[in-house]
Amino acid sequence: MGSGKPIRPPWWLKPANKLFIRMSRLGISFGGESPVVLTALGRRSGAARSTPVTPLTVDGRQYVVAGFPGADWVANVRAAGEATIARGRRVQRVRMAELSAEDARPVLRAFPTEVPTGVGFMKRAGLVTDGRPDEFEALAGRCAVFRLDPI
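The following paragraphs examine the structure supplied in this document.

The rules we used
Residues numbered from 1 in each chain as written. Predicted model: local features only at pLDDT ≥ 70, side-chain atom pairs only at ≥ 80, totals over all residues. Heavy atoms only, no water. Salt bridge = Lys/Arg side-chain N within 4 Å of Asp/Glu carboxyl O. Phe/Tyr/Trp six-rings, centres within 6.5 Å; stacked < 30°, edge-to-face > 60°. Helix = DSSP H or I, 4+ residues; strand = E, 2+ residues; numbered from the N terminus. Buried < 20%, exposed > 50% of the residue type's maximum accessible area, 1.4 Å probe, protein only. Patch = residues over 30% accessible without salt bridge, like charges linked within 9 Å, V, L, I, M, F, W, Y side chains within 5 Å. Areas by Shrake-Rupley, 256 points an atom, 1.4 Å probe, with all protein chains shown as cover. Lys, Arg positive; Asp, Glu negative; His and termini not counted. Charge placed at Lys NZ, Arg CZ, Asp CG, Glu CD. Contact = heavy atoms within 4.5 Å. Pairing = 2+ DSSP bridges. Axes fitted to C-alpha atoms, helices over the stretch in contact; angles between N-to-C directions.

A few words now on the pattern of salt bridges. A full pass over the atoms with the stated rule returns 9 salt bridges. If you follow the salt bridges from partner to partner, you end up with Arg 61, Arg 147 and Asp 149 in one network.

See below:
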């Protein structure tokens, strides 16, 4: 886990994300959590780039956690500073405020409780082994965390 090697997304992630985005736009939801489609302008192309994410709520504010260090969507959001989130056909513009490692700790600690489906994903990625809150908190500074501020 702490080897410092870059983590590569699994081969199936891009096709699964495309399917999820299509189904989400049709209004089909998954499980008990509320995933959304996050769309930001590409940092090089300027084209809209979409990815599914599952926001979590901590102290009444919404956040998203990157499932992989170095994810493309994170670089796009950093460059754009804002994005849209869509639940079905409802679209909302948000400012994406990246948290410092220290500020990200309580959000990461809440992640396994708030987004249980994300725990398995993070385990398969090799980021955590047991999925305990302290393991997620230790990802502060490694996995980006953004606060979603409505515009």
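Turning our attention to the packing of aromatic side chains. According to the stated counting rule, one finds 3 aromatic pairs in the structure shown. The interplanar angle of 50° and the centroid separation of 5.8 Å between the aromatic rings of Trp 73 and Phe 146 together place this pair among those described as tilted. A residue pair is termed long-range when its members are at least 10 positions apart, and Trp 73 in helix H2 (residues 72-80) and Phe 146 in strand E7 (residues 145-150) qualify at 73 residues. What makes Phe 146 buried here is its relative accessible area of 1%.

Another aspect to go through is a positive patch on the surface. On the surface, Lys 14, Lys 18, Arg 22 and Arg 49 cluster together into a patch of positive charge. Element by element, the count of residues in the positive patch is highest for helix H1 (residues 13-25), at 3 residues. Turning to its location among the elements, Lys 14 is positioned in helix H1.

Turning next to the side chain of Asn 76. Looking at the element boundaries, Asn 76 is found in helix H2. Overall, Asn 76 belongs to the buried group, its relative accessible area being 7%.

Tracing the backbone shows Val 145 in strand E7. On the basis of relative accessible area, Val 145 is assigned to the buried category, the value being 1%. Note: C-alpha distance between Val 145 and Glu 98 (47 residues apart in sequence) is 5.8 Å. In this view, Val 145 contacts Tyr 63, Val 64, Val 65, Ala 97, Glu 98, Leu 99, Ala 104, Val 107 and Leu 108; residues no more than four positions away in its chain are not counted.

Right, let's get into unusual backbone geometry. Only a minority of non-glycine residues have a phi that is not negative, and only a minority of peptide bonds are not trans. Located in the positive-phi region is Asp 59, a residue other than glycine, with phi close to 50°. Mapped onto the elements of the fold, Asp 59 is located in the loop between strand E3 (56-58) and strand E4 (61-65).

With that settled, consider the sheet that holds strand E2 (residues 48-53). Here 7 strands make up an open sheet; going across it, the order is E2-E1-E5-E6-E7-E4-E3 and the pairing antiparallel. Lying at the two open borders of the sheet, with one neighbouring strand each, are E2 and E3. Geometrically, the sheet is characterised by an average inter-axis angle of 40° between neighbouring strands, direction not taken into account. Of the pairings in the sheet, the one linking E3 to E4 comprises 3 bridges and is antiparallel in character. Residue pairing in the sheet places Leu 56 in a bridge with Tyr 63 of E4.

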